[in-house]
Amino acid sequence: MINPNSEIKLDQSWLEHLQTEFTKPYMQQLKQFLMAEKAAGKQILPKGGEWFNALNTTPLDKVKVVIIGQDPYPTPGHAHGLCFSVQQGVQPLPKSLLNINQELWDDLGVNNQHTGYLQPWTQQGVLLLNAVLTVEAGKANAHQGIGWEQFTDSVIELINEKTNNTVFILWGAYAQKKGQRIDANRHFVLKSPHPSPLSAYRGFFGSKPFSRANLYLEQNGKKPINWQL
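For clarity, every value in this text was computed on a predicted model and none was experimentally measured. (Residues numbered from 1 in each chain as written. Predicted model: local features only at pLDDT ≥ 70, side-chain atom pairs only at ≥ 80, totals over all residues. Heavy atoms only, no water.)

Trainee: Any chance you could explain the overall build of the protein here in plain terms?
Mentor: Across its full length, the protein holds eight helices and six strands. Once the C-alpha set of the protein is aligned to its principal axes, its extents read approximately 45 × 40 × 25 Å. Residue pairs in contact within the protein that sit at least 24 positions apart in sequence constitute 67% of those at least 6 positions apart. As displayed, the protein has an accessible area near 10400 Å², and 48% of this comes from carbon and sulfur atoms. The distance from the centre of the 21 positive side-chain charges to the centre of the 18 negative ones in the protein is 1 Å. (Helix = DSSP H or I, 4+ residues; strand = E, 2+ residues; numbered from the N terminus. Contact = heavy atoms within 4.5 Å. Areas by Shrake-Rupley, 256 points an atom, 1.4 Å probe, with all protein chains shown as cover. Lys, Arg positive; Asp, Glu negative; His and termini not counted. Charge placed at Lys NZ, Arg CZ, Asp CG, Glu CD.)

Trainee: Explanation requested: the packing of aromatic side chains in the structure shown.
Mentor: Describing an aromatic ring pair means giving the distance of the ring centres and the angle of the ring planes. Enumeration according to the criterion identifies 15 aromatic pairs in this entry. Here Phe52 and Phe151 contribute two aromatic rings whose centre-to-centre distance is 5.7 Å and whose plane-to-plane angle is 75°, an arrangement assigned as edge-to-face. Note that Phe52 is positioned in the loop between strand S1 (44-45) and helix H3 (53-57) and Phe151 in helix H6 (residues 148-162), a separation of 99 residues in sequence. With respect to class, Phe52 is no different from Phe151; both count as buried. Seen in terms of ring centroids, Phe204 and Phe205 are 5.7 Å apart; in terms of plane orientation they differ by 55°. Their pairing is tilted. Site record: aromatic cluster; members linked through ring pairs are Phe84, Trp121, Trp171, Tyr201, Phe204, Phe205, Phe210 and Trp227. (Phe/Tyr/Trp six-rings, centres within 6.5 Å; stacked < 30°, edge-to-face > 60°. Buried < 20%, exposed > 50% of the residue type's maximum accessible area, 1.4 Å probe, protein only.)

Take a look at the structure:
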């Protein structure tokens, strides 16, 4: 089920380095868990072909910016394998996403209030990576602690080692803990509170992550991100 050589395909740039992860005991246990959940009739989000969407739309050698989320939206029809992003046409937008759009407007004057579909960012080198890649419909955080975190730690470590001058945007304590081993001398680590309604007014608003990311990219000879959707 989660073997990239069978049902789910993983972009070769990632698979080259992550192949061995799929043979490790934790991944085999994760596979068995997900198979059992499906057999029990539980709906797993996003659909299987989108679990690795973040990696498949942003190859390793194209990564310029990494945004780390927690786990997929548990509402059917929302998640499609990219952190914070929802499928095309979803309205109303999740509140954290509304706040991201508000900060983007305040920071760069970019108006994305019409959409929460962030996939165009990924095609410019923005990796939208959740720490946990699946969730049970209607049960937020249901798949935490079953193995995905170990896999995505390997993804982050790979980016840390194989790329240079990458921007890591870490919103909230969870993402900051997830990214604590990133080499801040080699990369640009942007930290702020999470954009959720509970914490956005504690420093997320006004943190200007989008303009700061672009300035760093330009200073290091990289094309800035066009954040307009």
